[in-house]
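Each chain, letter by letter, is given below.
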Amino acid sequence: MIFSSYIFLCLFLPLFLIIYYLTPTRLKSTLILLASYAFYGWWRWDFLYLLVAITVVSYLFALGIEKARDAKQAKFLVSTGIVLNLLALGYFKYANFGVDSFNALLQAFGTQPLPWTPILLPIGLSFFIFHAISYLVDIYRKEAQPTRNLIDFAAFIALFPHLIAGPVLRYHLLAEQFRSRTHTFEKFSQGSLRFMVGFCKKVLIADSIAPLADASFALQNPTLLDSWLGVLAYTLQIYFDFSGYSDMAIGLALMIGFKFPENFNHPYISRSITEFWRRWHISLSSWLREYLYISLGGNRKGVARTYFNLFLTMVLGGLWHGSNWTFVLWGAWHGGILALERFLGSKKLWKPVPAYLSIPGTLILVMVGWVLFRAHNVGSAFEMYAGMVGLNGLFLSDALGYQVTGLQLITIMLALILIFVGPWWMQRQQSREVGEVMRVGYATLSILPLFVLAALRLAAQDYSPFLYFQF
């Protein structure tokens, strides 16, 4: 089930909210757990066993870590718990990739490939594995206390607003909220508004632009204009798709009293790649820094090791997104630039440049990276790069031209305005002396017609899951 579907909007969500607000406080976590399992099971009931198994194993190992007789035993338990989680992730997400790569190598040497039946990737696996690992590490580092309440912990892992595509959360951020949280009309209103904003971003912008990106990336020999138009469309699509999903997740959480951290902060106005990763998918960036970069040694083992750790963290972060060499190269692209920016900064070789140069420059670097992220394979990515430097001609090809619509071009213009004017407008609105309730009320009245339009448009389009569902 996805947020942008009629079954969710018209049945699951209203029914859940009615029952939730009629349920006594002591049973709300149980209701959340059952509803979240139903939400997940709508896709495949048989994969619920994996979600339950990861939850129970992580819960028991956390209790074991707390009761360990010494540091050595605690380290053994946390390592074993992490390995078990990673084994599940490795089997379901990377076994196909490993076997396919090995078979390609065998075929290159004229040997018959190994027989293999592809394994289906459970939806949301990468996210709930990361939730479980962060819980174990936090307990081991004594940054959080293990919970005795299995229902609360299971509800945290399965909490449907973040179950499928994040944000990636740490248990201690929500532990107190599971024990005690407030439910107010103001919170519910803010959550409803945020959900509607995200829904409009997904349906009206991301889904409108998606066909243009798909058509461009499907071309065999895209021209310069074909390529840049397609990359621009995908750059906007992935931002409005994923930030729209995050808005909906944050809004849903608020509607039931939870407060999630922000996941995006206007990333396309960043002045460097370093700043970009402080603004893009913030929860994942924080997770990678806290549990991977620091665990590798961070900046504590010398300058060269710091650059290597930075690079390796981003490569593994890229691989987390998908089992394809394109994601590895995408991570290497960002990791290499992050290391280079750190080196130039440490040597005082990099002077700040005006925003009108640094923002477009950073955006172009990001767009070049998105080519790897979007392409089906490395060969397709380099076909797109060839087009971007004009090796296949300059002007819009007939193959793409007939697929470009006026609505798509208008949507692209509106999306660009929202990206570059939106931050300034929001800052100005927040500085106005208007009460929060009035501000939410005005904003809701403004967004409501767009939400209705988006809901009507939903009926006219094909099934369109969020891009991050595949991760």
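Starting afresh in each chain, residues are numbered from 1 along the sequence in its written order. Reporting in this predicted model follows two pLDDT cut-offs: at least 70 for local features of residues, and 80 or more for side-chain atom pairs to be given and counted; totals over whole chains, interfaces and linings ignore these cut-offs and use all residues. As a rule here, side-chain values cover all heavy atoms of the structure and leave hydrogens and water aside.

K.L.:
Describe the overall build of the chain, naming the residues involved and giving the relevant values.
P.N.:
Working definition: helices are DSSP H or I runs of at least four residues, strands are E runs of at least two. Numbering for both runs from the N terminus. Helix and strand content of the chain: 19 helices and zero strands. A radius of gyration in this sense is built from C-alpha atoms; the matching globule rule multiplies 2.2 Å by the number of residues raised to 0.38. On C-alpha atoms alone, the chain measures out to a radius of gyration of 23 Å, which is about the 23 Å that the 2.2 N^0.38 rule sets for 471 residues. Over its C-alpha atoms, taken along the principal directions, the chain stretches across nearly 65 × 60 × 55 Å. Here the term buried applies to any residue with accessible area under 20% of the maximum for its type, exposed to any over 50%, and partly exposed to those in between, with areas from a 1.4 Å probe on protein chains only. Put simply, the chain has 471 residues, and 53% of those count as buried. The contacts in the chain between residues at least 6 apart in sequence include a share of 77% that link residues at least 24 apart. Accessible area for the chain stands at about 22400 Å²; split by element, carbon and sulfur atoms hold 68% of it. As used throughout, the charge tally considers Lys and Arg to be positive and Asp and Glu to be negative, leaving His and the chain termini uncounted. Positions of charges follow a simple convention, taking NZ of Lys, CZ of Arg, CG of Asp or CD of Glu. Placing the 35 positive and 23 negative side-chain charges of the chain at their respective mean positions leaves the two points 10 Å apart. Residues count as neighbours in contact if any of their non-hydrogen atoms are within 4.5 Å of one another. Only the protein chains shown count as cover for residues, and all accessible areas are computed by the Shrake-Rupley method using a 1.4 Å probe.

K.L.:
If you had to explain empty space enclosed by the protein to someone new, which residues and values would you point to?
P.N.:
Here a cavity is any set of points on a 1 Å grid over the protein atoms alone where a 1.4 Å probe fits but cannot get out, and a pocket is any open set with protein on both sides within 12 Å along at least 5 of 7 lines; a residue lines the site when it has an atom within 4 Å of a point. Grid points are joined across faces, edges and corners, and a volume is the space filled by probe spheres set on the points. Taken as a whole and assessed by the stated rule, the structure comprises three cavities of 30 Å³ or more. In this structure, the largest cavity encloses a volume near 50 Å³. In terms of lining residues, the largest cavity is bounded by Phe217, Leu219, Pro222, Arg374, Ala375, His376, Ser380, Glu383 and Met384. The greatest single-element share of the lining of the largest cavity, amounting to three residues, is contributed by helix α16 (residues 378-388). Broken down by class, the residue content of the lining of the largest cavity amounts to five nonpolar, two polar and two charged. Amino acid classes used here: Ala, Val, Leu, Ile, Met, Phe, Trp, Tyr, Cys and Pro are nonpolar; Asp, Glu, Lys and Arg are charged; the rest, including Gly, are polar.

K.L.:
Run through the domain arrangement of the chain, naming residues and quoting values.
P.N.:
Boundaries of every domain are those given by an automatic assignment or by a domain database. For the chain, the assigned domains are domain 1 (6-180) and domain 2 (187-271 + 353-469). Relative to domain 2, the C-alpha centre of domain 1 lies at a distance of 28 Å. Contact with domain 1, which involves 25 residues of that partner, is made by 22 residues of domain 2. Summed over both sides, the interface of domain 1 with domain 2 buries roughly 2000 Å², with 77% coming from carbon and sulfur. The term buried area denotes the loss of accessible surface (1.4 Å probe radius) that occurs when two parts are joined, taken as the sum for both partners. Per-residue buried area on domain 1 facing domain 2 is highest for Tyr6, Pro161 and Pro167; these three make up 27% of the total on that side. Salt bridges are identified by distance alone: a Lys or Arg side-chain nitrogen within 4 Å of an Asp or Glu carboxyl oxygen. Summed over the shared surface of domain 1 and domain 2, the result is zero salt bridges. Polar contacts, as counted here, are pairs of nitrogen or oxygen atoms within 3.5 Å of one another; within protein the pair requires one atom able to donate a hydrogen and one able to accept it, and residues that are adjacent in sequence qualify only if both atoms are side-chain atoms. Across the contact surface, domain 1 and domain 2 share five residue pairs in polar contact (both at pLDDT 80 or more). Here the element with the most residues in the side of domain 1 that touches domain 2 is helix α1 (residues 6-22); it accounts for eight residues. Partitioning the side of domain 1 that touches domain 2 into residue classes produces 21 nonpolar, four polar and no charged.

K.L.:
Can you tell me about the nonpolar core, naming the residues and giving the values?
P.N.:
Take the buried Ala, Val, Leu, Ile, Met, Phe, Trp, Tyr and Cys residues and link them wherever side-chain atoms come within 4.5 Å; each set so joined is a nonpolar core. Judged by nonpolar contacts, the single largest core of 147 residues is most densely connected at Phe3, Phe8, Phe16, Tyr268, Trp280 and Trp370. Of all the elements, helix α10 (residues 224-255) adds the most residues to this core, at 16 residues. Both domains that meet at this core, namely domain 1 (6-180) and domain 2 (187-271 + 353-469), each give it at least three residues. The contacts of Tyr268, once residues within four sequence positions are left out, are Thr235, Ile238, Tyr239, Phe276, Trp280, Ile359, Leu363, Val366, Trp370, Ile419 and Phe420.

K.L.:
How would you explain the packing of helix α2 (residues 28-41) against helix α6 (residues 150-158) if you had to name every residue and give the values?
P.N.:
Geometry is summarised by axes, namely lines fitted to C-alpha atoms with helices restricted to the contacting stretch, and by angles between N-to-C directions that run from 0 to 180 degrees. α6 packs onto α2 with a crossing angle of 40° between their chain directions and a minimal axis gap of 9 Å. It follows from the interaxial angle that α2 and α6 lie oblique. At the point where α2 passes α6, the crossing takes the left-handed sense. Here α2 contributes Ser29, Thr30, Ile32, Leu33, Ser36 and Tyr37 to the contact with α6, which in turn contributes Ile151, Asp152, Ala154, Ala155 and Ala158. When describing relative orientation, an angle under 35 degrees is termed roughly parallel and one over 145 degrees roughly antiparallel, while 65 to 115 degrees is termed roughly perpendicular and anything else oblique. Crossing handedness: left-handed means the near helix sits turned counterclockwise from the far one by under a right angle, and right-handed means the same turn made clockwise.

K.L.:
Just give me the short version of the packing of aromatic side chains, but keep the residues and values in it.
P.N.:
In summary, the pairing rule links any two rings of Phe, Tyr or Trp, Trp by its six-membered ring, whose centres are within 6.5 Å, and it sorts them by plane angle into stacked for under 30 degrees, edge-to-face for over 60 and tilted for everything else. For the structure shown, the criterion picks out 51 aromatic pairs. Between Phe242 and Phe264, the ring centres sit 5.2 Å apart and the planes meet at 90°, which makes this aromatic pair edge-to-face. Of this pair, Phe242 sits in helix α10 while Phe264 sits in the loop between α10 and α11 (273-279); the two residues are 22 residues apart in sequence, bridging distant segments of the chain. Classification of Phe264 by relative accessible area gives buried; the value is 13%. Geometrically, the ring pair formed by Tyr307 and Phe343 is edge-to-face, given 6.2 Å between the ring centres and 75° between the ring planes. Remark: Phe343 occurs in helix α14 (residues 325-346) and Tyr307 occurs in helix α13 (residues 303-321); sequence separation between them is 36 residues. Overall, Tyr307 belongs to the buried group, its relative accessible area being 19%. Sitting over a ring, as applied to charges here, requires NZ of Lys or CZ of Arg to be within 6 Å of the ring centre and within 35 degrees of the ring normal. One residue, Lys28, lies across the ring of Tyr20, its end atom 4.2 Å from the ring centre. The ring of Trp320 carries the charged tip of Lys93 above its face, separated from the ring centre by 5.3 Å.

K.L.:
Tell me about α1, and please be specific about residues and values.
P.N.:
Helix length check: α1, at 17 residues, gives a terminal C-alpha distance of 24 Å against a target of 24 Å (1.5 Å per residue), a fit within 8%. Of all the bends in α1, the greatest reaches close to 30° and is centred on Phe12; the proline Pro14 follows between one and four positions later. Turning to α1, its buried residues are Phe8, Leu9, Phe12, Leu13, Phe16, Leu17 and Tyr20. Here the expected span of a helix is defined as 1.5 Å times the quantity of residues minus one. To obtain the bend at a residue, axes are fitted to the seven residues ending there and to the seven starting there, and the angle between these axes is taken.

K.L.:
Which residues make up a nonpolar patch on the surface, and what values do they have?
P.N.:
Distance thresholds for patches are 9 Å for like charges and 5 Å for nonpolar side chains (Val, Leu, Ile, Met, Phe, Trp, Tyr), applied to residues having over 30% relative accessible area and no salt bridge. Together, Ile410, Leu414, Ile417, Phe420, Val421, Trp424, Trp425 and Met426 line one region of the surface with nonpolar side chains, adding up to about 810 Å² of accessible area. In this structure Phe420 comes out as partly exposed when scored by relative accessible area, which is 38%.

K.L.:
Can you explain the pattern of salt bridges? Please cite residues and give values.
P.N.:
Under the criterion given, the structure shown has twelve salt bridges. We note a salt bridge from Lys201 to Asp247, for which the minimum N-O separation is 2.8 Å. One end of the pair, Lys201, is in helix α9 (residues 185-217); the other, Asp247, is in helix α10, and 46 residues separate them in sequence. A residue is classified by how much of its surface remains accessible, and Lys201, at 15% relative accessible area, is buried. When its relative accessible area of 8% is taken as the criterion, Asp247 is described as buried. Between Asp241 and Lys202 there is a salt bridge, with the nearest N and O atoms lying 2.8 Å from each other. In this pair, Asp241 is assigned in helix α10 and Lys202 in helix α9, connecting sequence segments 39 residues apart. Using a relative accessible area of 1% as the deciding quantity, one classes Asp241 as buried.

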